[in-house]
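# Structural features, examined
The residues making up each chain are set out below.
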Amino acid sequence: METSSLSIATIRALGIDTINKANSGHPGMVLGSTPAIYTLFTKEMDFYHKQSKWFNRDRFVLASGHASALLYSMLHLSGYQISIDDLKNFRQWGSITPGHPECDITDGVDASSGPLGQGIPMAAGMALAEKFLASKYNREGYDVVDHYTYALCGDGDMQEGVTYEAASLAGHLSLGKLIVLYDANKVTLDGPLSMSFSEDVKKRYEAIGWQVIRVTDGNDVSAIQKAIRKGKKELYKPTLIIIDTVIGFGSSNEGTNKVHGNPLGKEDGKNAKISYGFDHDEFYVPEEVYDDFANTCIKRGKNRYNKWQRLMKDYRNAYPELAQELENAIAGNFSLDLDEIMKKYSPGHNDATRNTSLEMIQEVAQQNPTFMSGTADLASSTKTNIAGEKTFSVENYDGRNLAFGIREFAMVAMMNGITLHTGIKVSAGGFLVFSDYFKGALRMACLMELPIILPLSHDSIAVGEDGPTHQPVEQLTMLRSMPNMRVFRPADAVEMASAWKLAVESTNNPTALILTRQNVTTMTATSYEGVCHGAYIVGKEVNKLDAIIIASGSEVNLAMAAKEELLKEDIDVRVVSMPSMELFEQQDAKYKDEILPHNVRARLSIEMASDFGWHKYVGLDGKTMSVNKFGASAPADIVIKNYGFTVENVVKNVKDIL
């Protein structure tokens, strides 16, 4: 048996054994896609297992994350820190080979994947990052940023809307170094693809500016390699390689949905292996296969890595400032100095926090050369454009403003890819109410610990005339409920600037910045230190502590106004600003009790959104002033008044509690 055939048979056998051992997994695509991924890894893709985070490596996204057993076998053979024992521990507690790839767990995995549809957008984000950094830092003779992004997807990915959103933008932006291998086995979990899908994918992708190549035999290594090389030569269009495969190749159930997500079992697995000409014990890897990988991708990767290191050394000598800037970006050294801009935000300063956020974006961009800012077609409303910078486009790949179009889901999924690539801090905004559209991608950002930044404006019923379709009610609760998510709803310009600093300097938390369209007044007591604690006192009681009002965002101004009225009636209240529940929860018990003393049970929360989550802070004896129904269309001041967010109603509620 020739070497490539033996290696492919071995990889398929490992896939069968891995899934059988776990009695769980998806052998169908593993067996169908093996020749394509073998060809990509051994013959075309540049990576180096001893430097798995090497910046100039080619990236690979397994969009169809359920085929993880294939990726783990490839990483094992390519020298990464995955052993045969790790393959045997597939899908088990504490293993580094989870059911779907997780980039923070497994050496060599470039992106966590599994939710179908998000793989191609993440790959598109990586390709976008490569374009931007190459345009910004490469100089003649010094292509220090020069690599490809590959993805493997299946029929399921092609049906997800977010895949098309990102593919459309990738075509529009001519991301030529993006190459997608499409395992077209024409079967989904429920049955034949024809049950639900009959479009001509080739025509669709050609229509949105992609080069499309078809390989009619998924076992033809030569044809697959030829297609990949043709894709690499096309620098002005992303490439889709449609590979006609047989799901579960070699199984008695090949070509059917029965083999999509069910282990083959001992008998069928053995027969499948024999059909490949591979009759060996479970988890057996011939030395010739290890040699095959050693002489191809491992050798090539080491040579390419060393060559790049020499290039970077010469680049540092020729362009020391650019080299330092690039290396700082690759290392993730993003920071924000607030000393100068904070001088603008003295007590009495009056402006919407979305405008303050725009001012902060200019500061971030000035201090961080690889900061990019974007939006889903709402730059004028969400205030996200970097002044004096171009929009990233075919004409301006060094542009720092990102125009994602009306593609919220793809926007955040691509931000994930941009961040995974490293070298860029990315922020992109939209209306808070439409955060529902990108929730799936934001969940993946939280899972992968990606510090993306989301300025989300039009934060409450104060949106006014646009009505309930545009007035967020439950979205804050959704965002706050996500593990590893940070949500800031700043009360004034000082809190807004502080939240931006924390967002920029975060290394492992996605951050949502909740912005007002209406003006808020900067208070005397707001501070960066207070925001760092998540909640703090902005209006201290004068003599005695009768009650506590806890608020966020614009409602802190309302609470402060009510405090003054209550004091006239000899009711002495404390006002606590809570810009971030998450950061407050990270404080120790002593601090929490200093801010919200356990013996003071008269508490009122004020937030123009759902009260879900606030009962933790107001307790059984407290009350919430919230919005637990959808909004209404009318001028903002009328909506706010009719929903009870007035000084008079705050005073009444405090009295009722007391």
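Computed from a prediction, not measured in an experiment: that's the story for all the values here.

### Concerning the domain arrangement of the protein chain
According to the domain assignment, the protein chain consists of domain 1 (3-304), domain 2 (338-522) and domain 3 (534-656). Here the C-alpha centroids of domain 1 and domain 2 sit 33 Å apart. Taken together, the 34 residues of domain 1 in the interface contact 32 residues of domain 2. Sorting the residues of domain 1 by area buried against domain 2 places Gln118, Phe132 and Leu169 first, and these three jointly supply 22% of that buried surface. Run the count over domain 1 and domain 2 and you get zero salt bridges. The interface formed by domain 1 and domain 2 includes nine residue pairs in polar contact (both at pLDDT 80 or more). Looking at the side of domain 1 that touches domain 2, the elements with two or more residues in it are helix H5 (119-137) and helix H7 (161-172). Here the side of domain 1 that touches domain 2 gets 14 residues from one element, more than from any other, and that element is H5. A class-by-class count of the residues in the side of domain 1 that touches domain 2 yields 18 nonpolar, nine polar and seven charged.

### Observations regarding the side chain of Ser552
Among the structural elements, Ser552 can be located in the loop between strand S17 (547-551) and helix H20 (555-568). Of the polar contacts made by the side chain of Ser552, one reaches the side chain of Arg489; its length is 2.9 Å. Not counting residues up to four positions away in its chain, the partners in contact with Ser552 are Arg480, Arg489, Met578, Ile606 and Glu607.

### Some words on helix H12 (residues 320-330)
Considered for burial, the residues of H12 that qualify are Leu322, Ala323, Leu326 and Ala329. Down the axis of H12, the smallest arc covering the buried residues is 130 degrees, so these residues share one side. Buried residues along H12 sit in contact with H5 and helix H11 (287-318). Looking at the residues trailing H12, positive phi occurs at Gly332, about 75 degrees.

### Describing the sheet that holds strand S19 (residues 603-606)
Taking strand neighbours across the sheet as the criterion, the five strands line up as S16-S18-S17-S19-S20 in an open arrangement whose pairing is mixed. Lying at the two open borders of the sheet, with one neighbouring strand each, are strand S16 (536-539) and strand S20 (623-625). Across the sheet, the mean angle separating the axes of adjacent strands is 30 degrees when strand polarity is ignored. One ladder, built from three bridges, connects S19 with S20; its direction is parallel. Each residue of the ladder has a partner; that of Leu604, found in S20, is Lys623. Relative to the sheet, H20 contacts S16, S17, strand S18 (573-577) and S19, its axis offset from that of S18 by approximately 170 degrees.

### Quick look at the pattern of salt bridges
In the structure shown here, the tally under the stated rule is 36 salt bridges. The partner of Arg316 in a salt bridge is Glu327, and the shortest N-O contact between them spans 2.7 Å. Taken together, the residues span a long stretch of sequence, with Arg316 in helix H11 and Glu327 in helix H12 at a distance of eleven residues. A salt bridge links Glu569 to Lys655; its shortest N-O distance comes to 2.4 Å. Residue Glu569 is found in the loop between H20 and S18, and its partner Lys655 is found in helix H25 (residues 647-657); the two are separated by 86 residues along the sequence. For Glu569, a relative accessible area of 42% translates into the label partly exposed. Several salt bridges share partner residues, and in doing so they unite Asp459, Arg480, Arg489, Glu555 and Glu607 into one network.

Definitions and cut-offs
The numbering scheme is per chain: residues are counted from 1 as the chain's sequence reads. With the structure being a predicted model, the display of local features is reserved for residues of pLDDT at least 70 and the display and counting of side-chain atom pairs for 80 or more, all residues being used for whole-chain, interface and lining totals. Think of the side-chain values as coming from all heavy atoms in the structure, minus any hydrogens and water. Start and end points for every domain follow an automatic or database-based domain assignment. Throughout, a residue-residue contact means that at least one pair of heavy atoms, one from each residue, lies within 4.5 Å. By definition, the buried area sums, over both parts, the 1.4 Å-probe accessible area that each loses when the two are put together. By definition, a salt bridge exists where a carboxyl oxygen of Asp or Glu is found within 4 Å of a side-chain nitrogen of Lys or Arg. Each polar contact in these results corresponds to two N or O atoms within 3.5 Å; when the atoms are within protein, one needs to be able to donate a hydrogen and the other to accept it, and residues that are neighboring in sequence are counted only if both atoms are side-chain atoms. Going along the chain from the N terminus, every DSSP run of H or I of four or more residues is numbered as a helix, and every run of E of two or more is numbered as a strand. Residues are grouped as follows: nonpolar covers Ala, Val, Leu, Ile, Met, Phe, Trp, Tyr, Cys and Pro; charged covers Asp, Glu, Lys and Arg; every other residue, Gly included, is treated as polar. Note on classification: 1.4 Å probe, protein chains only; a residue is buried when its accessible area is under 20% of the maximum for its type, exposed when over 50%, partly exposed between these limits. The directions from the helix axis to the C-beta atoms form the arc being described. Only when DSSP finds a minimum of two bridges between them are two strands counted as paired. Only the stretch in contact is used when fitting a helix axis, every axis being a line fitted to C-alpha atoms; angles between N-to-C directions are given from 0 to 180 degrees.

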